[in-house]
Amino acid sequence: MNITKQSAAGHPDGLDMASFSQGLFIGGQWCAATGGGGIAVVDPSTETTLTSVADATVDDALAAVEAAAKAAPAWRDTAPRRRSEILRRCFELMTERSQMLATLISMENGKALRDAKGEVAYAAEFFRWNAEEAVRISGEFGMAPSGTNRIIVDYQPMGICVLITPWNFPAAMATRKIAPALAAGCTVILKPASVTPLTAYALAAIYAEAGVPAGVVNVLTTTNPGPVTSAMLSDPRVRKLSFTGSTGVGRSLLAEAARHVISCSMELGGNAPFVVFDDADLETALDGAMVAKMRNAGEACTAANRLYVQSGIHDAFVAGLAARMQALAVGPGTDSATECGPMITRKAVDKIARLVADARDRGAQVVCGGEAPTGKGFFYPPTVLSGVPMEAEMAHEEIFGPVAPVYRFDTEEEAIARANDTEYGLAAYIFSRDLARAMRVAGRIEAGMIAINRGLVSDPAAPFGGVKQSGLGREGGQHHGISEFMEAKYIAATF
Ligand code: NAP
């Protein structure tokens, strides 16, 4: 595939869609799926088909495991410094081609170009960060308490890893796994979401150009994820499953992995509370809400899903939020003026419309938005609801769209109790000028990540992940992300 070179100019017309039909990326080769099937990739802004990609079978998946196994010994033995240089080159090439990659993400996912550019920068950073981590893997050496021997602990790559990613960040969810896996010395098979496969394939071409050896990264797309994943996990050479997606699919994959005793990292769903106290700076809270709610048009696991606002600031917050939401430019993601692109599928729009109708029926007021437009494209308008009762379905379900439900609260205790009233625990946001209060509340909210007076929490240099039903393990951060792909080997030595 020569898409990366052809498309350096960055204009959508420069993207050669036909080159994506070259097939799966296995063992450094582009190959057709053995079943001969294809998957249509749809532009969510227009509902037209962009291109199609190969539809992998179980046989293709097993061929990918074989390729990853063949490449494993040489990659494991490649000097960390060399692995680091290759990862660094991936970062550089992604950065050089950021315009093209952002356009591709906008085309297949629908997100606004400004969000897509942010995603590419974030995604590339995982390569730079892990290039630096690759040469910092160290072990432990010490005397056993009995004095009879030394305890040596060596950290080794786990081996072959199956990586499964969702559609909402087609680049970043993949690089957040691939970069630490490669830094640790593992080989991988990536199965991206079937609705957004193009970015994963474009990145595969970049990895090869950067010097990642054949078979170290394999990419396959399929409409049959259950059996294809099951076949890979059944191969005893596969030692790791790293999954990002919904809690429901995560649970079934954990059960599958348990049968083979495979190490699992799970980045699952969210239902983030966004808590604004009376003593917050209103403009800071509104800025934060626009980022936490509207980055990616609300299609983010960290998206503010429940906005709890204290009574004294509630009305001003709702008015300010509605004004900002109404001012957003809605349109095709690839249009540079767009601030809110379409949802990923018609099904996603229908789910959001159902949640809004349910809240309205239970007494919520629609302050702005609330009606899906007719015509082509999976659009839903930026929407603010107030007076949402706690019984509303959206208080408990991920909305995954541009809808901000505001709930009023009175006391700190009440805010904490309501924030924790969910099975999820991924991210949470707190706004207050009283740092002691913000830290106290941060300590009591059950979430893996807390943002104070800001709407963005993700950072490759910090451990990303959730508690409760939001997942197991961490990605990124000092040692956290890379250690998910390494195993400790203990050696007792007498000398
Ligand atoms: P999803 O339906 O769970 O799909 C995620 C991935 O799993 C896709 O590649 C999908 O393939 C695959 N998959 C589906 N069924 C499978 C099966 N039986 N066996 C193996 N793989 C299977 O989730 P999504 O709708 O794409 O993504 C949205 C969800 O992801 C939200 O809940 C969001 O919160 C979560 N998310 C979490 C994080 C985090 O870091 N915690 C980050 C982003 C998103 P197909 O595309 O072919 O269905």
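Refer to the preceding data block for the structure.
Throughout what follows, the structure given in this document is the object of discussion. (Residues numbered from 1 in each chain as written. Predicted model: local features only at pLDDT ≥ 70, side-chain atom pairs only at ≥ 80, totals over all residues. Heavy atoms only, no water.)

**Remarks on the environment of Gly331**
So, point 1. Along the chain, Gly331 falls in the loop between helix H11 (311–326) and helix H12 (346–361).
So, point 2. Since its relative accessible area comes to 7%, Gly331 is described here as buried.
So, point 3. The sequence separation of Gly331 and Gly110 amounts to 221 residues, and the corresponding C-alpha distance is 9.2 Å.
So, point 4. Beyond its immediate sequence surroundings of up to four residues, Gly331 is in contact with Thr338, Cys340, Gly341, Pro342 and Phe379. (Helix = DSSP H or I, 4+ residues; strand = E, 2+ residues; numbered from the N terminus. Buried < 20%, exposed > 50% of the residue type's maximum accessible area, 1.4 Å probe, protein only. Contact = heavy atoms within 4.5 Å.)

**A closer look at the sheet that holds strand E22 (residues 486–493)**
So, point 1. Ordered in space as E5-E6-E22, the 3 strands form an open sheet in which the pairing is antiparallel. The sheet is open, and its two edges are formed by strand E5 (140–143) and E22, each paired on a single side. Each strand of the sheet is rotated relative to its neighbour by a mean of 20 degrees, with strand direction disregarded.
So, point 2. Pairing geometry for E5 and strand E6 (residues 150–157), over 4 bridges, is antiparallel. When the bridges of E6 are listed, Glu140 appears paired with Val153. (Pairing = 2+ DSSP bridges. Axes fitted to C-alpha atoms, helices over the stretch in contact; angles between N-to-C directions.)

**Quick word on helix H2 (residues 58–77)**
So, point 1. For H2, built from 20 residues, the straight-helix expectation of 28 Å at 1.5 Å per residue is met to within 8% by its first-to-last C-alpha distance of 29 Å.
So, point 2. Listed in full, the buried residues belonging to H2 are Asp60, Ala61, Ala64, Val65, Ala67, Ala68, Ala69, Ala71, Ala72 and Trp75. (Expected span 1.5 Å × (residues − 1).)

**What about the site of the ligand?**
So, point 1. If you check the shell around the ligand, you find 30 residues, and the closest are Thr165, Arg176, Ser246, Leu268 and Glu398.
So, point 2. In the model, an oxygen atom of the ligand is placed 2.8 Å from a nitrogen or oxygen of the Ser194 side chain.
So, point 3. Put simply, the parts of the chain that give the shell around the ligand at least two residues each are helix H6 (172–184), helix H8 (225–234), strand E10 (238–244) and helix H9 (247–260).
So, point 4. The dominant element in the shell around the ligand, judged by the number of residues it contributes, is H8, at 3 residues.
So, point 5. Here the shell around the ligand is built from residues that sort into 15 nonpolar, 11 polar and 4 charged. (Near = heavy atom within 4 Å. Polar contact = N/O pair within 3.5 Å; in protein donor to acceptor, adjacent residues only side chain to side chain. Nonpolar A, V, L, I, M, F, W, Y, C, P; charged D, E, K, R; others polar.)

**Let's talk about the environment of Glu414**
So, point 1. In this structure, Glu414 sits in helix H13 (residues 412–419).
So, point 2. Setting aside anything within four residues of it in sequence, one finds Glu414 in contact with Arg408 and Phe409.

**A word on the nonpolar core**
So, point 1. Ile178, Leu241, Phe274, Phe317, Leu321 and Met394 are the most contacted members of the largest nonpolar core, which totals 165 residues.
So, point 2. Top contributing element to this core by residue count: helix H5 (residues 113–134), with 10 residues.
So, point 3. Dropping the residues within four chain positions of it, Ile178 is found in contact with Phe127, Leu163, Val188, Leu190, Tyr207 and Val217. (Core = buried A, V, L, I, M, F, W, Y, C linked by side-chain atoms within 4.5 Å.)

**Some thoughts on the packing of aromatic side chains**
So, point 1. Using the criterion set out here, one finds 10 aromatic pairs in the structure.
So, point 2. Ring centres of Trp30 and Tyr201 lie 5.8 Å apart, and the angle between their planes is 65 degrees; this geometry places the pair in the edge-to-face category. One end of the pair, Trp30, is in strand E2 (residues 29–31); the other, Tyr201, is in helix H7 (residues 198–210), with 171 residues separating them in the sequence.
So, point 3. Taking the relative accessible area as the measure of exposure, Tyr201 reaches 0% and is therefore buried.
So, point 4. Between Lys240 and the ring centre of Phe485, over which it is positioned, the NZ or CZ distance is 5.7 Å. (Phe/Tyr/Trp six-rings, centres within 6.5 Å; stacked < 30°, edge-to-face > 60°. Lys NZ or Arg CZ within 6 Å of the ring centre and 35° of its normal.)

**Structural notes on the side chain of Thr383**
So, point 1. If you trace the backbone, Thr383 turns up in strand E15 (residues 383–386).
So, point 2. Overall, Thr383 belongs to the buried group, its relative accessible area being 0%.
So, point 3. Looking at Thr383, its side chain comes within polar contact range of the main-chain nitrogen of Gly370, at 2.9 Å.

**A look at the sheet that holds E15**
So, point 1. Strand order in this open sheet of 7 strands is E14-E15-E16-E13-E12-E18-E19, and the pairing throughout is mixed. Every interior strand has two partners, whereas the edge strands, strand E14 (365–368) and strand E19 (449–452), have only one. Geometrically, the sheet is characterised by an average inter-axis angle of 25 degrees between neighbouring strands, direction not taken into account.
So, point 2. Of the strand pairs in this sheet, strand E12 (residues 272–276) and strand E13 (residues 304–310) are connected by 5 bridges, and their pairing is parallel. Its bridge partner being in E13, Val276 is matched across the sheet by Val309.

**Describing unusual backbone geometry**
So, point 1. Phi at Asn296 is positive, roughly 65 degrees, even though this residue is not glycine.
So, point 2. One can find Asn296 in the loop between helix H10 (282–294) and E13.
So, point 3. Even without being glycine, Phe400 reaches a positive phi, approximately 55 degrees.

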